Amino acid sequence: MNGLMMQKQLLISSLIVHADRHHGDTEIVSRRVEGDIHRYTFRDCHRRARQMANALTRLGVNPADRIGTLAWNGYRHLELYYGVSGMGAILHTINPRLHEDQVAYIANHAEDQYIFFDLTFLPLIKAVAGRCKTVKAFIAMTDHAHMPKDAGIDNLLCYEDLIEASSPDYAWPRFDENAASTLCYTSGTTGNPKGALYSHRSSMLHTYAAALPDSLNCSARDVILPVVPMFHVNAWGLPYIACMVGAKLVLPGPALDGKSLYELLEAEQVTVSAGVPTVWQGLLGHLEETGQAFSSMRRTIIGGAACTPVMLRKFQETYSVAVLHVWGMTEMSPIGTVGTMKARHVEMSMEERYAVQSKQGRAVFGVDMRIVGADGVELPWDVATSGDLQVRGPWVVRDYFRSEGNSPLQLDDDGQEWFPTGDVATIDADGFMQITDRSKDVIKSGGEWIGSIDLENIAMAHPAVSQAACIAAKHAKWDERPLLIVVKKPQADLTREELLAFYEGKIAKWWTPDDVVFVDAIPLGATGKIQKNRLREQFGDHLMTRVAN
Ligand code: AMP
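In this text the structure is predicted, and so the values were computed from the model without any measurement. (Residues numbered from 1 in each chain as written. Predicted model: local features only at pLDDT ≥ 70, side-chain atom pairs only at ≥ 80, totals over all residues. Heavy atoms only, no water.)

Asker: Help me out: how do you make sense of the overall build of the protein chain in this one?
Answerer: Within the protein chain, the regular secondary structure consists of 18 helices and 26 strands. What you see for the protein chain is a C-alpha radius of gyration of 24 Å, in line with the 24 Å of a compact globule of 549 residues. Principal-axis analysis of the C-alpha atoms places the extent of the protein chain at approximately 70 × 65 × 50 Å. When the 549 residues of the protein chain are sorted by exposure, 58% land in the buried category. Counting only contacts in the protein chain whose residues sit at least 6 apart along the sequence, the fraction spanning at least 24 positions is 66%. Here the protein chain contributes 53 positively and 65 negatively charged side chains, and the mean placements of these two sets differ by 2 Å. (Helix = DSSP H or I, 4+ residues; strand = E, 2+ residues; numbered from the N terminus. Rg over C-alpha atoms; globule rule 2.2 N^0.38 Å. Buried < 20%, exposed > 50% of the residue type's maximum accessible area, 1.4 Å probe, protein only. Contact = heavy atoms within 4.5 Å. Lys, Arg positive; Asp, Glu negative; His and termini not counted. Charge placed at Lys NZ, Arg CZ, Asp CG, Glu CD.)

Asker: What should I look at first to understand unusual backbone geometry in this one?
Answerer: With the exception of glycine, the majority of residues adopt a negative phi angle, and the majority of peptide bonds are in the trans configuration. Residue Ser333 is joined to Pro334 through a cis peptide bond whose omega torsion reads 5 degrees. Of note, Pro334 is situated in the loop between strand S14 (322–328) and strand S15 (335–338). Within the chain, Glu111 stands out as a residue other than glycine whose phi angle is a positive 55 degrees. Looking at the secondary structure, you find Glu111 in the loop between helix H4 (100–110) and strand S5 (112–117). Located in the positive-phi region is Trp236, a residue other than glycine, with phi close to 55 degrees. Mapped onto the secondary structure, Trp236 falls in helix H8 (residues 233–236).

Asker: How should the pattern of salt bridges be read in this particular structure?
Answerer: Two side chains bearing opposite charge may form a pair once their charged atoms approach each other closely. The tally for this structure, following the rule as stated, stands at 31 salt bridges. Between Arg43 and Asp20 there is a salt bridge, and its shortest N-O distance comes to 3.3 Å. Taken together, the residues span a long stretch of sequence, with Arg43 in helix H2 (residues 42–58) and Asp20 in helix H1 (residues 13–23) at a distance of 23 residues. A residue is classified by how much of its surface remains accessible, and Arg43, at 42% relative accessible area, is partly exposed. Residue classification places Asp20 among the buried residues on the basis of a relative accessible area of 15%. A salt bridge links Arg362 to Asp214; the shortest N-O distance between them is 2.8 Å. (Salt bridge = Lys/Arg side-chain N within 4 Å of Asp/Glu carboxyl O.)

Asker: Would you mind showing me how to read the packing of aromatic side chains here?
Answerer: Two numbers describe a pair of aromatic rings. These are the distance of the centres and the angle of the planes. All chains considered together, the criterion is met by 10 aromatic pairs. With 6.1 Å between their ring centres and 80 degrees between their planes, Tyr82 and Tyr240 make a pair best called edge-to-face. Note that Tyr82 is positioned in helix H3 (residues 75–86) and Tyr240 in helix H9 (residues 238–245), a separation of 158 residues in sequence. What makes Tyr82 buried here is its relative accessible area of 0%. Residue class for Tyr240 comes out buried when judged on its relative accessible area of 2%. (Phe/Tyr/Trp six-rings, centres within 6.5 Å; stacked < 30°, edge-to-face > 60°.)

Asker: For this particular structure, what's the right way to read the environment of Glu504?
Answerer: By the element assignment, Glu504 lies in the loop between helix H16 (496–501) and strand S26 (515–518). Separated by 115 residues in the primary sequence, Glu504 and Leu389 place their C-alpha atoms 30 Å from one another.

Asker: What should I look at first to understand the sheet that holds strand S6 (residues 137–140) in this one?
Answerer: The strands making up a sheet associate through backbone hydrogen bonding, with each pair oriented either parallel or antiparallel. Overall, mixed pairing links the 7 strands, which are arranged S7-S6-S5-S3-S4-S8-S9 in an open sheet. Sheet topology places strand S7 (156–158) and strand S9 (195–199) at the edges, where each strand pairs with a single neighbour. For this sheet, the mean angle separating the axes of adjacent strands, direction not counted, is 25 degrees. Summarising the sheet, strand S3 (residues 66–70) and strand S4 (residues 90–93) pair through 4 bridges and their orientation is parallel. (Pairing = 2+ DSSP bridges. Axes fitted to C-alpha atoms, helices over the stretch in contact; angles between N-to-C directions.)

Asker: Would you mind going over the pairing of S9 with me for this structure?
Answerer: With 4 of 5 residues buried, S9 is to be regarded as a mostly interior element. As judged from the 5 bridges shared by strand S8 (residues 180–185) and S9, these two strands associate in the antiparallel manner. Of the residues in S9, the one forming a bridge with Tyr185 is Gly195.

Asker: Before we go on, may I ask you to explain the site of the ligand in this structure?
Answerer: Around the ligand, 15 residues are found, and the nearest of them are Val326, Thr330, Asp423, Arg438 and Lys529. Lys529 is positioned such that a nitrogen or oxygen atom in its side chain is 2.6 Å from an oxygen atom of the ligand. Expressed as a share of its isolated accessible area of 490 Å², the protein-covered part of the ligand is 91%. The leading source of residues in the shell around the ligand is S14, at 4 residues. (Near = heavy atom within 4 Å. Polar contact = N/O pair within 3.5 Å; in protein donor to acceptor, adjacent residues only side chain to side chain. Areas by Shrake-Rupley, 256 points an atom, 1.4 Å probe, with all protein chains shown as cover.)

Here it is as structure tokens:
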């Protein structure tokens, strides 16, 4: 017997309809590529998203067509989030920090019909335009007055011209909630990028779960500034969450340096922000230099890479900003775990609570996880055992876009499907997961595993260290040993011996890195993560040559 509830499909368009009807005058504030601040409301956004849907229909866009974007966090990008997915087409957010060959590969693999771009990315569009086989036109996200002259691109259209020529009379179509809504390619460090194809249903369920108090904890009283880009897993779902809960949204555009972010956070009285640790380092550096503090920020969501205990303490103790440590991946829409306390943790000492918060967190309802050994057998939830982390749930991929039958899923003994994350982790008795490494970054010394994240966290706690990465370096006797690559703080004095002595008493002696290499900069990938593969290429033989010499 079926229940007698309405059969309403979960569609992304319903979010902007809700935001218009129930929070119509709530603001969306954007820093534009042109440098000025743009301000309008959810009602305006909804109107222009409908105009864009009409424009796309006129351009011949059909349901399931892929529409690419190369754009910062801004109101026009938000209109595309709703206009494109809402009409039944698929929004394909491309990471503009990728190499142009990868951008061309992705646009061709996705068979994008149109590509929208912020003017910042005009040089990139010029470089790839001739190679994008399926793209009918490139649309500059600007007004007529700012259109590039003599761009040398045949099929160039203007965003505001399209909007102006289109009526806001548009009824969002109703269709199956399993239809694809959004496409996002992983920034894989090896092989070609792979496409995670989200559905309306998966995005909506993810939005509900991500907004919960023990998840990202967002409400109509919040002002949300996603620093995490809208091209990186839908800015972790925050553009959808803002509509669902009716929160004011502040979009920082291209200005992601500490000073610009701080000014915007203060001017708009932002209460919650989200981004990868490298961005927060810039912001904290600016605050330290200027002696400024936050007047409205209450929470910061940190994920994408491990939040170091030092950063955690600085936010909470110095700036009274609570840290939400989250873990997830492109393949998970992205949220998997959040490090929010259970009731019994509240009674603990601050030190014990910091230890809990430093972990990547416990599963959000909807996501199940487990760790397995090399034989695929599930491992116990204690702090001592680490294994390969697997997940499953309604917003986890079951296949990649056009993967030609190479599903990544693995089956357990009961025939249940699990997605192998590629992360190595422990899970404690309370269900808090802690990443010890990416499986390809694990250091295997004499057959024993050493977790690089622990070693990096200790280095980052040294007052003279600005950035640290620990890699597996080849070793004649032990196969691999940890090698620490460090960027010192400006004007800081630090020797190899001092830094290695700093490890004493903090870890088992044999985990201590064999050597320290001081560098001016550590390479970061397209989503702000340390590129350990490049460090391994550069320094992988360091210990061999040191011994040989
Ligand atoms: P992406 O698909 O680019 O979002 O990358 C996902 C990967 O980033 C995960 O598989 C982890 O290796 C890493 N990651 C994400 N969040 C965290 C975190 N809080 N701590 C450590 N690693 C993280």
